[in-house]
There are 4 protein chains.
Amino acid sequence: MSRVKVGIIGAGRIGKLHAENLVKMHRVELKAISDLFAGHIREWADRIGIPVVTDHYQNILHDKEIQAILICSPTDTHVPIITEAAKAGKHIFCEKPISFQLEQTKQALEAVKETGVKFQVGFCRRFDQSLKKAHQTVKEGKIGQPHLLRITSRDPHPPTKEYVAASGGLFFDMAIHDFDMARYLVGSEVEEVFAQGAVLIDPMFAECGDVDTAVTTLKFSNGAIGVIDNSRKAVYGYDQRVEVFAANGCVTVENARPTTAAISTAEGVLLDKPKYFFLERYNEAFVQEMADFIESILDDKEVPVTGHDGLQAELIARAAQKSFAEKRPVKIAEIMSAAQV
Amino acid sequence: MSRVKVGIIGAGRIGKLHAENLVKMHRVELKAISDLFAGHIREWADRIGIPVVTDHYQNILHDKEIQAILICSPTDTHVPIITEAAKAGKHIFCEKPISFQLEQTKQALEAVKETGVKFQVGFCRRFDQSLKKAHQTVKEGKIGQPHLLRITSRDPHPPTKEYVAASGGLFFDMAIHDFDMARYLVGSEVEEVFAQGAVLIDPMFAECGDVDTAVTTLKFSNGAIGVIDNSRKAVYGYDQRVEVFAANGCVTVENARPTTAAISTAEGVLLDKPKYFFLERYNEAFVQEMADFIESILDDKEVPVTGHDGLQAELIARAAQKSFAEKRPVKIAEIMSAAQV
Amino acid sequence: MSRVKVGIIGAGRIGKLHAENLVKMHRVELKAISDLFAGHIREWADRIGIPVVTDHYQNILHDKEIQAILICSPTDTHVPIITEAAKAGKHIFCEKPISFQLEQTKQALEAVKETGVKFQVGFCRRFDQSLKKAHQTVKEGKIGQPHLLRITSRDPHPPTKEYVAASGGLFFDMAIHDFDMARYLVGSEVEEVFAQGAVLIDPMFAECGDVDTAVTTLKFSNGAIGVIDNSRKAVYGYDQRVEVFAANGCVTVENARPTTAAISTAEGVLLDKPKYFFLERYNEAFVQEMADFIESILDDKEVPVTGHDGLQAELIARAAQKSFAEKRPVKIAEIMSAAQV
Amino acid sequence: MSRVKVGIIGAGRIGKLHAENLVKMHRVELKAISDLFAGHIREWADRIGIPVVTDHYQNILHDKEIQAILICSPTDTHVPIITEAAKAGKHIFCEKPISFQLEQTKQALEAVKETGVKFQVGFCRRFDQSLKKAHQTVKEGKIGQPHLLRITSRDPHPPTKEYVAASGGLFFDMAIHDFDMARYLVGSEVEEVFAQGAVLIDPMFAECGDVDTAVTTLKFSNGAIGVIDNSRKAVYGYDQRVEVFAANGCVTVENARPTTAAISTAEGVLLDKPKYFFLERYNEAFVQEMADFIESILDDKEVPVTGHDGLQAELIARAAQKSFAEKRPVKIAEIMSAAQV
């Protein structure tokens, strides 16, 4: 059986997560990982069996054996690495967002297009079994034409100020997953965005020029209306629910809980909180995401999340930011025109 | 529209409940109520509009206008009242159990049979919409032949010692509802009973020669096996669940809750406890029970719960008592033979 | 015990519903009902025991015995009847909306204020036990400061074209209940509204200048953001869910179902659809709404839903209409200023 | 980091499952696997990286490097292998049941005791997070003294006739898991058993001298009463629910579903069926079971499921068989006395 030789660029939380999933896969040989602080990860890499650890990602791109790379480094490094990797003929998996600048994202996608390498964007939620079932239910026409979309997406606790300052803001860092999910579920492009936001959790967000609470409404080209609510702090854990309401029915995805135990006492009936955060909730989705990326390479299939998907989500995020800043609905066409994408 | 003139014998909790439901019904004229302590209920009767209050139930039986009576007096008075009422040509609704003695129950049913009056037994749970749906699901063959029956039936708090002492014991007083439900759900007669019991809540039950916790298994003539668990004290409220497992599926009835609100906090997700007790849980069932009794009279239909049903439940209760006492499975045929019913 | 003598103006569906609830109440004497087609309701009124049926509502206002009236006639008759009734010293329960014109609503409320009669607006959902529990949970501070509000409110089937044409439109006819619920749950006034709408169910709505699908976002003066989604046709029944997400937790109200039965087969686990429509879902709420109105009169308490509440919901509805028409967020202050209320 | 060298005896479904879990564990080196048909598994073993494949289990026992073995061969081979392995100083994980003969089980446990090797029995359900939470809830006294135990345990489809014929019967093959779960949840030994059984699914079971449907009631030494219902065929999938009802509350474990999606249509609300079978439902439990076994060796801890646990479950199974055959409750003491264990 042929195996794909893979290298990972960036060994932060998400890079390590992918590494640990890849080493368990039979169709993968995880050959190398790079990190600016290579010394810090050597023991870990050794333990899970990654032969090469380097502090220069170019060493990975120059390794002729390596066929595919994962880009898990900070967002501002994505575009140059994509460009170099594409030129080096590597298949690419890139964490979201591709970049903070639409023009740069466009440029990276062009580099990919020219070289014909596979390019997958890291919208991991599409690989969650429950969300996939909602998507399939709509796609197979089981509930008819979508009319309304609801997404609730709330984190269990806010990130650090350092993270927030460099994150690109709630719409680009957090809601971008929901913007992709919206397109995935409704099966139609977003045409217009109206975003409302507030700082209700921590003034730190205001200091960073960001919000911690937001509601974004979307108009789709098929006429459907969507609404996404986001919060940076849900004390009861990671809250990830979606609903597509359609002409002939409605599909709803509720939160998964760690256990199905219920405790009845004189106080009431107590259920588990939702699974704690994305590592728990999307644990299996991360595995499937890698499996599908590897399969698209080995079996020469289309990647399940394309560069186009990455760009669309960024366009919606940019429109949401502009809508919030200018207190008016903003059309995606306006953003595309301004960014010439 | 013709209306049935009704009298109620016994104005305890259940007599009053039926009275308050009957006075709201268009097809009923509640003419009289009797109670040993008539003075105590006069104001209440006046307020809800019952013209006649008497301390002699015979006054009700002798009232030629009254067509139907409800027997809500203590169990040991049921058989003589049934016998007299049947002779007086009154249609009869009798609270469960008909009596504590199978021979007497049989005698009462014979009096009813001779006179041809309607006779309905007070198994109110059959009128609960959820339990009725379970019954219909089985009866209409939607899940095929029943294999297993599970009933959980637990009260929110124990009765008083006085009540327990006069109750006839857990199997006759409490589980008898479940024995009727078992037959109603499975649609087959019980052939054999094995009962286990314990005193785990309060030694008072042992002092009364009773148990407070029990598990009864039933074998049905169609081959199905059933199991009922009872407790006199569920701190979280009235626990009333049933399940019929069958060849092609399973129907389950969960507890109803006062509200559908759920509160998620750092502790978990808190739901309401089940509805408090039978007055809350079977509130609408009590209304429907009366409506069906009245309808059976005015439209000359068969009553929904017959004397046969009352007798069968008593036979099972007696078998359960004997099984528990003698630590062995007991056949219903053995009980029938001994009691000559 | 003293009883309130009540008259009802308008014997359509909602007038009859209130009548049937009132005749069962001990503290009420329902003396009269008026309808343009009095002949059509005489038999019904006779059967449930309303002594007087008239085709002139003035006969009710002139009846000196009658202390309180219910206004259940078409919306365009509300303001003149309120004004006359207030002058006649009658306590008033008025179905929503008070009127289609903010200026007229204001005028009616002034008439009420001058005469000091009780005035309650018919936002029946506030009396639903589940929604009340959500309200209490927030009000008692159990989950802290509200950050986000979500309301889903979808009807099981669209009204007739005649109804739609005279309804005042989705925002005024249907969403107005949700606008009131929003204020009730969050405990803060709405400051700004942004509404999106679409015709996805039936072109008839477009012909009437209306929409059948809408998403409205609200900004509250306490900083919270709310979102309401509406549809005129949910094939699975009346969909009525709310959620308040707050600093220390979240309270969610799910749909109530007719039964708690679940049927498991090879196809999956099938639960009941939600209760069919408002008569089923808010059945007990309608009773409680009347009970509280009567109590506010007999015990001289404040009414649970005031004229101020009625006006606020209308202001939000008007802002939603304007926002949808002009494709921009609209402040309540702008509406108030224009209408001089 | 030190790693345990492990060998597996028997490469049927369960042997392969453990192998695939062990090769992913950092603290394990899976060195060898034996099977009577070694040729059939060579390719599979190669692919997942097991260096040695043999058709003689003695080769594993004689391998001085191997410190621990898993016994996944047919039940009738367990006792001789345990005895040899213990003498060879190997730590042992043995699938359930230890044997079909209590005397032999006793003999195997004595061999283990003499040599002091670790010995864990394969009751995998104890490692399920939901069932563990139920166990902990009881153990930590959160709901007080247990009064009632309910276990529902139903397979999605019957095994083959060959399997049934060699299985030891429903009580020994299937319900034995539930007997262990009963002890695990209630935290007390079983004293008496009463079993009822029936052939309702397939006459094949009767031909094998077995039943396909059973209800077993248990009396515990702490006074609690338990009831287990079993079926060989639940068309809606693997049904695994438990409940402990106690003095101060109740803990219930519901079935896990593959997704949390719900589809509402005009037919009702459709949820996923339970996870299909034990491989799906106890997927993570099998991993944890191995992790705990390895940890007990490397960190010299007590194994989480002991030989005593294995023996107790067999005693209960034997009592259930006898009870069913003789139609009477059977005490565990009677079984122990007869078997001299």
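Each chain has its residues counted from 1, following the order in which its sequence is written. Following the order in which they are written, the chains are lettered starting with A and the ligands numbered starting with 1. In view of the model being predicted, local features appear only for residues whose pLDDT reaches at least 70, and side-chain atom pairs are presented and counted only at 80 or more, with totals across whole chains, interfaces and linings using the full set of residues. To get the side-chain values, all heavy atoms of the structure are used, and hydrogens and water are removed first.

Let's talk about the pattern of salt bridges
So, point 1. When a carboxyl oxygen of Asp or Glu is within 4 Å of a side-chain nitrogen of Lys or Arg, the pair counts as a salt bridge. Per the stated rule, a full pass over the model turns up 117 salt bridges over all chains.
So, point 2. A:Glu192 serves as the salt-bridge partner of A:Lys331, at 2.8 Å between the closest nitrogen and oxygen. Highlighted residues: A:Lys331 in strand E15 (residues 330-331) and A:Glu192 in strand E8 (residues 190-198), separated in sequence by 139 residues.
So, point 3. For A:Lys331, a relative accessible area of 46% gives the class partly exposed.
So, point 4. If you follow the salt bridges from partner to partner, you end up with A:Arg150, A:Glu243, C:Arg154, C:Asp229, C:Asp239 and C:Arg241 in one network. Put simply, DSSP H or I for four residues or longer makes a helix, DSSP E for two residues or longer makes a strand, and each gets a number counted from the N terminus. Under the scheme applied here, a residue whose accessible area is under 20% of the maximum for its type counts as buried, over 50% as exposed, and between as partly exposed, the area being computed with a 1.4 Å probe on protein chains only.

Brief notes about the interface of chain C and chain A
So, point 1. Counting residues at the interface gives 40 residues for chain C and 40 residues for chain A.
So, point 2. Summed over both partners, buried area is the accessible surface (1.4 Å probe) that two parts give up on being assembled. At the boundary of chain C with chain A, total buried surface from both sides reaches about 3100 Å², with 61% on carbon and sulfur atoms.
So, point 3. Contact with chain A buries surface across chain C, with C:Arg150, C:Gln196 and C:Phe245 losing the most and accounting together for 19% of the total.
So, point 4. A:Glu243 is paired through a salt bridge with C:Arg241; the nearest N and O atoms lie 2.7 Å apart.
So, point 5. Pairing of N or O atoms within 3.5 Å defines a polar contact, subject to two protein rules: one partner must be a possible hydrogen donor and the other a possible acceptor, and residues neighboring in sequence count only if both atoms are side-chain atoms. The interface formed by chain C and chain A contains 10 residue pairs in polar contact (both at pLDDT 80 or more).
So, point 6. Elements with a contribution of two residues or more to the side of chain C that touches chain A: strand E7 (146-154), strand E8 (190-198), strand E9 (213-220), strand E10 (225-231), strand E11 (239-246) and strand E12 (249-253) of chain C.
So, point 7. A per-element tally of the side of chain C that touches chain A places E9(C) first, with 6 residues.
So, point 8. Split by residue class, the side of chain C that touches chain A holds 18 nonpolar, 12 polar and 10 charged. Any two residues whose heavy atoms approach within 4.5 Å are treated as being in contact. Residue polarity is assigned by list, with Asp, Glu, Lys and Arg as charged and Ala, Val, Leu, Ile, Met, Phe, Trp, Tyr, Cys and Pro as nonpolar; anything else, Gly included, falls into the polar class.

Focus: the relation of the copies chain A and chain B
So, point 1. Turning chain A through 180° and shifting it by 0.0 Å along the axis lays it on chain B, with an RMSD of 0.0 Å. Each copy turns onto its partner about a two-fold axis. Taking the C-alpha atom as reference, chain A places A:Leu270 closest to the rotation axis, 2.3 Å from it.
So, point 2. Mapped onto chain B, 100% of the interface residues of chain A are again interface residues, and the two copies thus contact each other with one and the same surface. Here the copies are superposed with least squares, the fitted atoms being C-alpha atoms of residues at a pLDDT of at least 70 in both.

Examining the domain arrangement of chain A
All names here are of chain A.
So, point 1. Domain annotation for chain A reports domain 1 (4-117) and domain 2 (126-281 + 312-339).
So, point 2. Counting from both sides, the interface comprises 11 residues of domain 1 and, opposite them, 14 residues of domain 2.
So, point 3. Overall, the association of domain 1 and domain 2 removes approximately 1100 Å² of surface from exposure, summing both partners, and the carbon and sulfur fraction of that is 63%.
So, point 4. Summed over the three residues of domain 1 that lose the most area to domain 2, namely Lys96, Phe100 and Leu102, the buried surface amounts to 57% of that side.
So, point 5. Inspection of the region where domain 1 meets domain 2 yields 1 salt bridge.
So, point 6. The salt bridge partner of Lys96 is Asp173, with a shortest N-O separation of 3.9 Å.
So, point 7. Applying the counting criterion to the domain 1 and domain 2 interface returns 5 residue pairs in polar contact (both at pLDDT 80 or more).
So, point 8. Secondary-structure elements contributing two or more residues to the side of domain 1 that touches domain 2 are helix H1 (13-22) and helix H5 (102-115).
So, point 9. Looking at the side of domain 1 that touches domain 2, its residues break down into 5 nonpolar, 3 polar and 3 charged. Boundaries between domains were set according to an automatic or database domain assignment.

A closer look at helix H14 (residues 332-339) of chain A
All names here are of chain A.
So, point 1. Among the residues of H14, Ile332, Ile335 and Ala339 are the ones counted as buried. Buried residues of H14 fall within an arc of 60° about the axis and therefore sit on the same side. Opposite the buried face of H14, by more than 90 degrees, sit the exposed residues Ala333, Ser337 and Ala338.
So, point 2. Packed against the buried residues of H14 are H5, E8, helix H13 (307-326) and E15.
So, point 3. Once H14 finishes, Gln340 follows within two positions and takes phi at roughly 55°, a positive value. It is the directions from the helix axis to the C-beta atoms that the arc portrays.

Some words on the interface of chain A and chain B
So, point 1. Listed per partner, the contact involves 13 residues of chain A and 13 residues of chain B.
So, point 2. Interface of chain A and chain B: buried area, both sides summed, is about 1100 Å²; carbon and sulfur atoms make up 68% of it.
So, point 3. Counting the surface chain A buries against chain B, the share from its top three residues, A:Ala266, A:Val269 and A:Leu270, is 38%.
So, point 4. Between the two partners, chain A and chain B, sit 0 salt bridges.
So, point 5. The interface formed by chain A and chain B contains 4 residue pairs in polar contact (both at pLDDT 80 or more).

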